[in-house]
Amino acid sequence: MSKIRVLADHVANQIAAGEVVERPASVAKELVENSIDAGATRITIEIEAGGRRLLKVSDDGEGMVRDDAILAFERHATSKIRETDDLNAIGTLGFRGEALASIASVAKVELTTCVEGANAATRITIDGGRMRDVKDAAHPRGTTLIVRDLFFNIPARRKFLRSEATETYHLTNLVTHYALAHPEIAFTFVNNGREVVRTAPARDLRERAYQMFGEEFLKNLLEVDGGEPLFARVSGFVSAPRDRRTSRDSQYLFVNRRFVRDRMIGRALTEAYRSILPHGVYPAALLFIETPLEEVDVNVHPAKTEVRFRRQAAVADAVRESVRAALASASYVPPPEPPPQIPSPVMTATAAVSSITPQPRIEFIPPPPPAPRPPAEPSGDEIARDLEIMLRSASESVKSAALPPLNSAEKIAREVTPESLSTNIRPLGQLDESFIIATDDQGLLLIDQHVAHERVLFDKYRALEAERRTDSQQMLVPETFDLTPAQAAVFDDLVPELEKYGFELMRLSGRTVAIRAVPADLPGSEARNMLFELLETVDAEKKTTAPETMRDEIAASLACHAAIKVNMPLAPEKMRWLIDRLLETSSPTTCPHGRPVILRLSTRDILKGFHRI
Ligand code: ADP
Ligand code: MG
């Protein structure tokens, strides 16, 4: 029974037009989506030379009869929609009917497919869009598509493909995404004859995540389960705040099992970690949003990786609140206010200040702690404490909108330029055990103790590395961890650079790695976090960058993990020491990640504030 039809023009014209074949991973994406739509329970992806020489996807799905197999390569030929109305509720991953036509026009394609109970399978060969041959073949129920020599007929496009390592990285990432979105399907991924991923069908996401990432990764995850079934159920896993990443690469977002990139969801996730993760640091997440089909428009972008929600803000709220609830259940944040089921004046009033309301950020005043703290040890430093109280109450009144808008407060404490920095800095005390309060000839200074120490250590590591004098400390018990398939692809290249800094790493069986020694000042407990962050930053995309840049990344990451943390009391001598070291560095006013180290509230602005000038 044939199932494919060529869409009428008026329907085809409604579809987000554009190129889908950008690189091998985009071809693989379309083929894997077709296999999933065909109801496959097993999907095998094989690649050679980063997918340019060969890309093969086999499935055990429903297959196609001969007429359909031929029609499938026509533009706008699809079995998934018929009418314009169908675009309002798309339940399949594909619907454009263009992928096979586009792929066949830029490669040498062989399709072999067989439906249940057929006498023989059909094999079709097409080169550069020209059908060469249609014949009988042997193939179990299902479909195998082989794509050879991608862009063989478009030299300009071929030239633009990145290195084999980069294309392989993208392909590995793609397989990881689909394997996570479909635990029930067994995935196998073979790169140049080597099996990289082989998973049995899994019961649920937890089991699949375990298969893909290993026990360590899973152990640290918090389960998310929330949202509102009417427009957005949210489930999956997020990382605990101590597991920090410097990019969003470990955020896997899915809408109705479709892998998407969505800034709005990404932002909602970041907001959920507000006040427990610093700026520029991201949590890992596997988040699944399930919405009724008509609540989401997937016909926005030709590659179908962007979606539009009918109720954007409500979906963002659902994501933020569900993740926040997961963090609260593990006591990382205070429990959320109960959702205002029946709006009452009291509820509305609390909602206005509840932890869910996004708050404007003041860089130098973290929000007040959730519970009253034990009375502070008398530090003997009245000025500092008074100042703390003053800044706090200022921030409270700013929040209640009684004062001018927040940015005016931000503008008063300015970043310090290196030229205006004198050696005459006198520490007075600490604010929130995170920022050193000091004075210089021009006013009041706030020094972020963590980034200041980061700058000091960064310079030190770069100097030691240049002189080849790094020290290491052996771990008593080597720590082991599991690499994700994508991390494994870059790990080997990173090792020689890491060894220059004093790491000793050993690849055990498969994707397990043992840390045997770490650089001298790095706390052993931070080693794993740091390596994870580095593996994320130095992905294959950036592998082509100069070793210099890679060394900077390592030194910056090492500095960040070895540096004094925020929320840590510092003795006066320690503050003095830190300021002196900071002033000796190459760039005392910015940290290796580009953030400011020192803010100044000038005496002039203080005088103005008190209406004295
Ligand atoms: P779309 O997926 O948008 O419909 P494609 O060009 O990707 O368009 O595929 C065209 C049609 O070919 C699909 O609608 C489907 O009916 C059929 N098809 C493609 N791949 C497979 C497969 N692996 N198994 C069964 N049918 C397939
Ligand atoms: Mg398709």
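Computed from a prediction, not measured in an experiment: that's the story for all the values here. (Residues numbered from 1 in each chain as written. Chains lettered and ligands numbered in written order. Predicted model: local features only at pLDDT ≥ 70, side-chain atom pairs only at ≥ 80, totals over all residues. Heavy atoms only, no water.)

**Student:** Please explain the sheet that holds strand 19 (residues 426-431) as it appears in this structure.
**Tutor:** Two orientations exist for strands paired in a sheet by backbone hydrogen bonds: parallel and antiparallel. Judged by pairing direction, the sheet is antiparallel, and its five strands sit side by side in the order 18-25-21-20-19 without closing on themselves. The open sheet has two edge strands, strand 18 (413-415) and strand 19, and neither has a second partner. Taken pair by pair, the neighbouring strands of this sheet meet at an average axis angle of 30°, ignoring direction. Judged from the five bridges that link them, strand 19 and strand 20 (residues 435-440) form a sheet pairing that is antiparallel. Within strand 20, the residue paired with Gln430 across the bridge is Ile436. On the sheet, helix 14 (residues 449-467) packs against strand 19, strand 20 and strand 21 (443-448) and is oriented at approximately 70° with respect to strand 21. The strands touched by helix 18 (residues 572-583) within the sheet are strand 19, strand 20, strand 21 and strand 25 (598-602), with strand 19 carrying the most contacts at an inclination of about 115°. (Pairing = 2+ DSSP bridges. Helix = DSSP H or I, 4+ residues; strand = E, 2+ residues; numbered from the N terminus. Axes fitted to C-alpha atoms, helices over the stretch in contact; angles between N-to-C directions. Contact = heavy atoms within 4.5 Å.)

**Student:** Where do I start with the pairing of strand 13 (residues 251-255) in this structure?
**Tutor:** If a strand is regular, its side chains alternate between the two faces of the sheet. With five of its five residues buried, strand 13 lies for the most part within the structure. Here strand 13 shows two buried faces, one formed by Gln251, Leu253 and Val255 and the other by Tyr252 and Phe254. Note: strand 13 against strand 15 (residues 285-290), five bridges, orientation parallel. Looking at strand 15, one finds that Gln251 is bridged to Ala285. Counted along the chain from strand 13 to the antiparallel partner strand 14 (residues 258-260), the turn is two residues long, and its residue Asn256 has a positive phi close to 45°. (Buried < 20%, exposed > 50% of the residue type's maximum accessible area, 1.4 Å probe, protein only.)

**Student:** Just to check I follow, could you spell out the side chain of Ser602 for this structure?
**Tutor:** Tracing the chain through its elements places Ser602 in strand 25. When residues no more than four places from it in sequence are discounted, the contact partners of Ser602 are Gln442 and Gly443.

**Student:** How do you make sense of the sheet that holds strand 10 (residues 194-198) when you look at a structure like this?
**Tutor:** Taken together, the eight strands give an open sheet; going across it, the order is 7-6-5-8-3-2-9-10, and neighbouring strands pair in mixed fashion. Both outer strands of the open sheet, strand 7 (130-137) and strand 10, are each paired with one neighbouring strand and no more. Direction aside, the axes of adjacent strands within the sheet are offset by 10° on average. Relative to strand 9 (residues 186-191), strand 2 (residues 42-48) runs parallel, the two being bridged by six bridges. For Ile47, the partnering residue across the bridge sits in strand 9 and is Asn191. Lying on the sheet, helix 6 (residues 164-181) is in contact with strand 2 and strand 9; it crosses strand 9 at an angle near 170°.

**Student:** Quick question: what am I supposed to make of the site of ligand 1 here?
**Tutor:** Residues in close proximity to ligand 1 total 20 residues, the closest being Asn34, Thr78, Ser79, Lys80 and Gly97. At 2.6 Å from an oxygen atom of ligand 1 is found a side-chain nitrogen or oxygen belonging to Ser79. Note that an oxygen atom of ligand 1 is positioned 3.2 Å from one of the backbone N or O atoms of Ala99. Relative to its unbound accessible surface of 530 Å², ligand 1 loses 98% to contact with the protein. Of the residues in the shell around ligand 1, the class split is eight nonpolar, seven polar and five charged. (Near = heavy atom within 4 Å. Polar contact = N/O pair within 3.5 Å; in protein donor to acceptor, adjacent residues only side chain to side chain. Areas by Shrake-Rupley, 256 points an atom, 1.4 Å probe, with all protein chains shown as cover. Nonpolar A, V, L, I, M, F, W, Y, C, P; charged D, E, K, R; others polar.)

**Student:** It is not clear to me how the pattern of salt bridges should be interpreted in this structure. Could you clarify?
**Tutor:** Charged atoms that come close allow side chains of opposite charge to pair. This structure, assessed with the given rule, holds 37 salt bridges. Two residues, Glu98 and Arg75, come together in a salt bridge whose shortest N-O distance is 3.7 Å. Taken as a pair, Glu98 in the loop between strand 4 (77-78) and helix 4 (99-105) and Arg75 in the loop between helix 3 (66-71) and strand 4 lie far apart in primary sequence, 23 residues in all. Its relative accessible area of 41% is what places Arg75 among the partly exposed residues. Its salt-bridge partner being Arg198, residue Glu195 comes within 3.0 Å of it at the nearest N-O pair. You can call Glu195 partly exposed: its relative accessible area is 43%. With a relative accessible area of 58%, Arg198 lands in the exposed category. (Salt bridge = Lys/Arg side-chain N within 4 Å of Asp/Glu carboxyl O.)

Read these as layout, nothing more, since geometry by itself doesn't imply function.
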